[in-house]
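# Coordinate analysis (summary)
In case you want the letters, here they are:
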Amino acid sequence: MSLQEIQSRIEAAETAAGRKAGSVTLIAVSKMQPDDRVVGVLEQGHRHFGENRVQEAEGKWPGFRERFDGIVLHLVGPLQTNKARQAMELCDAIHSLDRPKLANTLARLAQERGACPDLFVQVNTGEEAQKAGILPADADGFIEECRKLDLPVRGLMCIPPVEEEPSLHFALLAKIAHRNGVDGLSMGMSSDFERAIAQGATHVRVGSAIFGERPAG
């Protein structure tokens with residue numbers, strides 16, 4: 001599927017949901033994709049990209065930024081505290097703020113740098129033991145603590161359980177965001193981004209549907 005097809009589907013989903021055109025940001029998730037595929041999307045004018053690992057992002061995005069203006073890089077995967085400094089220097093947004101230790105580290109670094117990327121709190125809406133994220137019952141308190149640390153919480157993020165209807169999780173995330181006065185909703189991936197848009201997503205994270213399946217190995 002082409003980038004244009006994905007963008008057309010996003011526009012149609014915005015219209016169907018009564019949303020303003022352009023209200024949803026498409027993050028092209030380029031993790032583990034060959035450079036030529038990423039360049040192909042950059043050459044079409046797309047500028048919002050997502051990476052899962054800081055180390056991989058460090059290896060390719062400084063070079064791409066020398067060639068292309070206006071790139072906005074989102075970290076959409078888990079962030080280890082020992083990689084926080086690199087993430088803050090490289091990324092414009094971090095979608096995986098998921099624990100107090102990381103919040104404190106980011107706050108300290110933000111004070112040192114005088115700047116901080118936009119932050120999205122990851123909520124474990126399915127309460128899955130193997131998955132990162134703040135539990136829904138703890139989300140309000142965690143958001144409040146982040147704000148006390150002067151962290152720029154711009155939104156919430158979730159990854160629904162694969163075996164459950166994602167719309168229920170998108171609706172839950174939207175409810176948490178609304179009662180905390182948070183505007184951003186990072187939710188929806190290749191298989192369900194239209195349902196996420198119907199529930200208010202402001203950022204959708206699409207990888208394989210744009211780039212194709214990642215190479216094996």
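Small disclaimer: the values here were computed from a predicted structure and weren't measured.

A few words on the packing of helix H6 (residues 136–148) against helix H7 (residues 166–179). Following both chains from N to C, one finds H6 and H7 inclined at 30 degrees, their axes separated by 10 Å at the closest point. Judged by the angle between their axes, H6 and H7 are roughly parallel. Crossing handedness for the pair H6 and H7: right-handed. Judged by residue contacts, Pro-136, Ala-139, Asp-140 and Ile-143 of H6 engage Leu-172, Ile-176 and Arg-179 from H7. Here the contact of H6 with H7 is built from residues that sort into 5 nonpolar, no polar and 2 charged.

Right, let's get into unusual backbone geometry. Trans peptide bonds make up most of the peptide bonds, and negative phi angles are found at most residues other than glycine. Its identity as a non-glycine residue notwithstanding, Glu-127 has a phi of 50 degrees, on the positive side. Position of Glu-127 among the secondary structure elements: in the loop between strand E5 (118–122) and H6. Take Glu-127: its relative accessible area is 53%, and that puts it in the exposed class. With phi around 65 degrees, Asp-150 is a residue other than glycine that occupies positive phi space.

To continue, consider the packing of aromatic side chains. Scanning the entire structure with this criterion turns up 2 aromatic pairs. Ring plane angle 70 degrees and centroid distance 5.0 Å describe the contact between Trp-61 and Phe-64, whose orientation is recorded as edge-to-face. Of this pair, Trp-61 and Phe-64 both sit in helix H3 (residues 54–67), separated by 3 residues, roughly a single helical turn. Exposure class is identical for Trp-61 and Phe-64. Each is buried.

With that settled, consider the pairing of strand E3 (residues 72–75). Across 4 bridges, the pairing between strand E2 (residues 48–51) and E3 is parallel. When the sheet's bridge partners are listed, His-48 is paired in E3 with Val-72. Regarding the hand of the β-α-β motif, the stretch spanning E2, H3 and E3 is right-handed. Relative to strand E4 (residues 93–97), E3 is paired through 2 bridges, and the arrangement is parallel. Bridge pairing links Leu-75 to Ile-94 in E4.

Relative to the assigned elements, Glu-56 resides in helix H3. We classify Glu-56 as buried; its relative accessible area is 19%.

Glancing now at the pattern of salt bridges. Charged atoms that come close allow side chains of opposite charge to pair. For the structure shown, the criterion picks out 13 salt bridges. Measuring nitrogen to oxygen at the nearest pair gives 2.9 Å for the salt bridge that ties Asp-140 to Arg-179. With Asp-140 in helix H6 and Arg-179 in helix H7, the pair connects residues that are 39 residues apart, well separated along the chain. The partly exposed category is assigned to Asp-140, whose relative accessible area is 29%. The salt bridge partner of Lys-148 is Glu-144, with a shortest N-O separation of 3.7 Å. Linking Lys-148 with Glu-144, this pair stays in helix H6, spanning 4 residues, or about one helical turn. Classification of Lys-148 by relative accessible area gives exposed; the value is 56%. Of the residues examined, Glu-144 reaches a relative accessible area of 44% and is grouped as partly exposed. Sharing partners across several salt bridges, the network here consists of Glu-51, Glu-56 and Lys-60.

So, how was this worked out
- Residues numbered from 1 in each chain as written.
- Predicted model: local features only at pLDDT ≥ 70, side-chain atom pairs only at ≥ 80, totals over all residues.
- Heavy atoms only, no water.
- Axes fitted to C-alpha atoms, helices over the stretch in contact; angles between N-to-C directions.
- Helix = DSSP H or I, 4+ residues; strand = E, 2+ residues; numbered from the N terminus.
- Parallel < 35°, antiparallel > 145°, perpendicular 65-115°, else oblique.
- Left-handed = near helix turned anticlockwise from the far one by under 90°.
- Contact = heavy atoms within 4.5 Å.
- Nonpolar A, V, L, I, M, F, W, Y, C, P; charged D, E, K, R; others polar.
- Buried < 20%, exposed > 50% of the residue type's maximum accessible area, 1.4 Å probe, protein only.
- Phe/Tyr/Trp six-rings, centres within 6.5 Å; stacked < 30°, edge-to-face > 60°.
- Pairing = 2+ DSSP bridges.
- Right-handed = clockwise from strand over helix to strand, strands pointing away.
- Salt bridge = Lys/Arg side-chain N within 4 Å of Asp/Glu carboxyl O.

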